[in-house]
Amino acid sequence: QVQLVETGGGLVQTGASLTLSCPVSGHSVNGNALAWFRQAPGKERAFVAGISYIGQTLYGDFVKGRFTINKDNAKNTVYLQLNNLNSEDTAVYYCALRGGVIYFDATLWEHWGQGTLVTVST
């Protein structure tokens, strides 16, 4: 059984940084694509960042160099470093895993965590 458990969310002020973690069990991060999505109240789940099995990365247009995705194969964990946060980044952040390539479409991802809430106050 594949399990993904996001941690690291919280309440921060504008301009702050956070690191989200997502340890994976039941599947190897080495050999699968991983991604972070986010969902704000009343909005659809949006692609934030993805990393392929060979380490290539993709980011949503709104990231603009503020976020970094990486993974630790030894710890079987994917991370999302969030910098220079603003109120528009307030959302539940989810990590996801799938075999094959990265897709921006959330419906094409097979395995999901339960999410971690990031709230950015002004």
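Rules of the game
- Residues numbered from 1 in each chain as written.
- Predicted model: local features only at pLDDT ≥ 70, side-chain atom pairs only at ≥ 80, totals over all residues.
- Heavy atoms only, no water.
- Core = buried A, V, L, I, M, F, W, Y, C linked by side-chain atoms within 4.5 Å.
- Buried < 20%, exposed > 50% of the residue type's maximum accessible area, 1.4 Å probe, protein only.
- Helix = DSSP H or I, 4+ residues; strand = E, 2+ residues; numbered from the N terminus.
- Contact = heavy atoms within 4.5 Å.
- Pairing = 2+ DSSP bridges.
- Disulfide = S-S within 2.5 Å.
- Salt bridge = Lys/Arg side-chain N within 4 Å of Asp/Glu carboxyl O.

The next thing to look at is the nonpolar core. Core analysis: the biggest nonpolar cluster contains 25 residues, and Trp 36, Val 48, Phe 67, Val 78, Leu 80, Leu 82 and Tyr 93 have the highest contact counts within it. Listing elements by their share of this core, those giving two or more residues are β3 (18-25), β4 (33-39), β5 (46-51), β7 (67-72), β8 (77-82), β9 (91-98) and β11 (116-121). Those residues in contact with Tyr 93 that lie beyond four places of it in its chain are Glu 6, Leu 20, Trp 36, Phe 37, Arg 38, Val 48, Phe 67, Leu 80, Leu 82, Gly 115, Thr 116 and Val 118.

This part is about the sheet that holds β3. Reading across the sheet, the 4 strands line up as β1-β3-β8-β7 and stay open at both edges, with antiparallel pairing between neighbours. The sheet is open, and its two borders are formed by β1 (3-4) and β7, each paired with just one other strand.

Another point: the state of the cysteines. Counted under the stated rule, the structure contains 1 disulfide. Note that Cys 22 is cross-linked by a disulfide to Cys 95, the S-S spacing being 1.9 Å. Handedness of the Cys 22-Cys 95 disulfide follows from its S-S torsion of about 40 degrees: it is right-handed. Separated by 73 residues along the polypeptide, Cys 22 in strand β3 and Cys 95 in strand β9 bring together distant segments of the chain.

Inspection of the entire model under this criterion finds 2 salt bridges. The partner of Asp 89 in a salt bridge is Arg 38, and the shortest N-O contact between them spans 2.8 Å. Remark: Arg 38 occurs in strand β4 and Asp 89 occurs in the loop between β8 and β9; sequence separation between them is 51 residues. Its relative accessible area of 12% is what places Arg 38 among the buried residues. Here Asp 89 ties to Arg 66 by a salt bridge, and the two come within 2.7 Å at their closest N and O atoms. Of the two residues, Asp 89 is situated in the loop between β8 and β9 and Arg 66 in the loop between β6 (57-59) and β7; the sequence distance between them amounts to 23 residues. Side by side, Asp 89 and Arg 66 carry an identical accessibility label, which is buried. Three or more residues joined by partner-sharing salt bridges are found here, namely Arg 38, Arg 66 and Asp 89.

A word on unusual backbone geometry. The phi torsion at Lys 64 lies on the positive side, around 50 degrees, for a residue other than glycine. Tracing the backbone shows Lys 64 in the loop between β6 and β7. For Lys 64, a relative accessible area of 72% puts it in the exposed group. Non-glycine residue Asn 84 carries a positive phi angle of around 50 degrees. Secondary-structure assignment places Asn 84 in the loop between β8 and β9. Taking the relative accessible area as the measure of exposure, Asn 84 reaches 48% and is therefore partly exposed.

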